[in-house]
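# A structural walkthrough
Below are the chains, spelled out letter by letter.
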Amino acid sequence: MEQNIYELLEKYNLSIATAESCTGGLIAATLVNVPGISGYFGEGYITYSNEAKEKLLGVSHATLEQYGAVSSQTAEEMAKGAKQAAGTDISVISTGIAGPDGGTEDKPVGLVYLACAYEDGAPSMPCGKIKVTTERHQFSGNRQEIRAASVHAALKLVIKVIEQNYAQRSQK
């Protein structure tokens, strides 16, 4: 899948950034499996703590207080913040509970939010509005299996966002 992402980034001349909580850098590590990805992927953030989410990605303290780190609201702010901080065309983020501890009845182990931010407009045009596609997943398994499933789903999300938003633009 990372090769497919590389080819899409190259085809549409897009840059990407990552911001990761529960995956701890595995999305970025997977992307850098592909030789030449450095032309499109320049930086990633590991924002495991709430403080890092605030400091590096600009996630609102109020959002974290009201909804928690594992929420669609935080995921959206992380995605926008990573895109803006890195100055990229798109970003992909993960935030979740990989376990084995930390789950609650409302937010069980395996709950993961993924988000991908992109420009609503022509690629690389700063006048476009930042849009975010967010997905909620409930994975099962041990910590490593949940993290691996999160990476797989995040890569699928990137492919979906590029194909749905940038492929259509190039055909116009």
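For the structure itself, look to the data block above.
Here's what I pulled together on the structure shown here. (Residues numbered from 1 in each chain as written. Predicted model: local features only at pLDDT ≥ 70, side-chain atom pairs only at ≥ 80, totals over all residues. Heavy atoms only, no water.)

## Section: helix 3 (residues 50–57)
Condition: Residue exposure (1.4 Å probe, protein chains only): buried if accessible area is under 20% of the type maximum, exposed if over 50%, otherwise partly exposed. Counting from the N terminus, the helices are the DSSP runs of H or I reaching at least four residues and the strands are the DSSP runs of E reaching at least two. Note that the arc is defined by the directions from the helix axis to the C-beta atoms. The contact definition used throughout considers only heavy atoms, calling two residues in contact when any of these lie within 4.5 Å.
Of the positions making up helix 3, those classed as buried are Ala52, Lys53 and Leu57. Down the axis of helix 3, the smallest arc covering the buried residues is 105°, so these residues share one side. Residues of helix 3 that are exposed and angled more than 90 degrees away from the buried face: Glu51 and Lys55. The secondary structure elements touched by the buried residues of helix 3 are strand 1 (16–20), strand 2 (41–46), helix 4 (61–67), helix 5 (72–86) and strand 3 (90–96). Looking one or two residues beyond helix 3, the residue adopting positive phi is glycine 58, at roughly 75°.

## Concerning the nonpolar core
Stated precisely, the cut-off is as follows: The definition of a nonpolar core used throughout is a set of buried Ala, Val, Leu, Ile, Met, Phe, Trp, Tyr and Cys residues joined through side-chain atoms within 4.5 Å.
Counting residues in hydrophobic clusters, the biggest one holds 35 residues, and the most contacted among them are Leu9, Ile90, Val158 and Ile162. Going through the elements one at a time, helix 1 (2–12), helix 2 (26–31), strand 3, strand 4 (111–120) and helix 6 (143–171) are the ones with two or more residues in this core. Ranked by the residues each element gives to this core, the list is headed by helix 6, at 12 residues. Each residue touching leucine 9, except ones within four places of it in the same chain, is listed here: Leu14, Ile16, Ile37, Tyr40, Ile90 and Ile162. Within the second largest apolar cluster, 20 residues are counted, among which are Val59, Ala69, Ala75 and Ala82.

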